[in-house]
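# Observations on the model geometry
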Amino acid sequence: MEKIIKIWFDKDFICGLGDDGKEYKQSLLWYDHLLNATDEQRAKYVFGLDGIHWRDLDEDVSFESFEYEEAIPSPMQEFFLKHKEINVGEFAKSMGLNPALLRSYINGWKKPSRSRELEILNHVKAVGKEYQMAEF
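In this report, we go over the structure that sits alongside the text.

Definitions and cut-offs
Residues numbered from 1 in each chain as written. Predicted model: local features only at pLDDT ≥ 70, side-chain atom pairs only at ≥ 80, totals over all residues. Heavy atoms only, no water. Helix = DSSP H or I, 4+ residues; strand = E, 2+ residues; numbered from the N terminus. Buried < 20%, exposed > 50% of the residue type's maximum accessible area, 1.4 Å probe, protein only. Contact = heavy atoms within 4.5 Å. Areas by Shrake-Rupley, 256 points an atom, 1.4 Å probe, with all protein chains shown as cover. Pairing = 2+ DSSP bridges. Axes fitted to C-alpha atoms, helices over the stretch in contact; angles between N-to-C directions. Parallel < 35°, antiparallel > 145°, perpendicular 65-115°, else oblique. Phe/Tyr/Trp six-rings, centres within 6.5 Å; stacked < 30°, edge-to-face > 60°.

### Considerations on the overall build of the protein
- In terms of helices and strands, the protein carries six helices and six strands.
- The N-to-C order of helical and strand elements in the protein reads β-β-β-α-α-β-β-β-α-α-α-α.
- Overall size of the protein, expressed as C-alpha extent along the three principal axes, is 50 × 35 × 20 Å.
- Classification of the 136 residues of the protein by burial places 35% in the buried group.
- Long-range contacts, defined as pairs at least 24 residues apart, comprise 42% of the intrachain contacts of the protein with a sequence gap of at least 6.
- Accessible area for the protein stands at about 9,200 Å²; split by element, carbon and sulfur atoms hold 51% of it.

### Structural notes on the sheet that holds strand β2 (residues 13-18)
- With respect to topology, three strands assemble into an open sheet ordered β1-β2-β3, the strand pairing being antiparallel. The sheet terminates laterally at β1 (4-9) and β3 (23-27), the two strands that pair on one side only. When the angles between neighbouring strand axes are averaged without regard to direction, this sheet yields 25 degrees.
- Pairing analysis gives five bridges linking β1 to β2, with the strands arranged antiparallel. Bridge pairing in β2 places Ile-4 opposite Gly-18.

### Focus: the pairing of β3
- Bridge analysis of β2 against β3 gives five bridges, and the strand direction is antiparallel. Bridge pairing links Gly-16 to Tyr-24 in β3.

### Some remarks on the packing of helix α3 (residues 75-82) against helix α5 (residues 99-107)
- Packing of α3 against α5 leaves a shortest axis separation of 8 Å and a crossing angle of 105 degrees. Comparing the axis directions of α3 and α5 gives the class roughly perpendicular. Between α3 and α5, the residues in contact are Met-76, Gln-77, Phe-80 and Leu-81 and Leu-102, Tyr-105, Ile-106 and Asn-107, respectively.

### A closer look at the packing of aromatic side chains
- One pass over the structure, following the stated rule, counts six aromatic pairs.
- With centroids separated by 5.5 Å and ring planes inclined at 85 degrees, the aromatic side chains of Tyr-45 and Phe-47 adopt a geometry described as edge-to-face.
- Taking relative accessible area as the criterion, Tyr-45 reaches 28% and is therefore assigned partly exposed.
- On the basis of relative accessible area, Phe-47 is assigned to the partly exposed category, the value being 36%.
- On the numbers, 5.2 Å between centres and 85 degrees between planes, the contact of Phe-79 with Phe-80 is edge-to-face.
- When its relative accessible area of 29% is taken as the criterion, Phe-79 is described as partly exposed.
- Residue classification places Phe-80 among the buried residues on the basis of a relative accessible area of 4%.

Here it is in structure tokens:
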């Protein structure tokens, strides 16, 4: 595929038809502006040389990104992408992890080992327990 020639949205994904006739999709969790946009805002896009642009939303999606292996976030990525209220940098520091490394895991630039994923999950659960025990 060199480019996407048609796009549409469903509840969780931006979908595209490639010039090769194949359908592609990727999670809207990667694109906050599109995730929270109205149908009217999503409909105002233009195709460029290497991607799709929504001027009113200040959002760009490259054609290449539709072919990424990880167009759908892993469960760990999905958790952090859905919970923007978590300060990722402070969360990472609280477990002794480099904040830039955790951001790289969340954004898909690096892939954590299974043991690192479990370490992060266990820390999420520990923080959750602390919240549950809070009393005022």
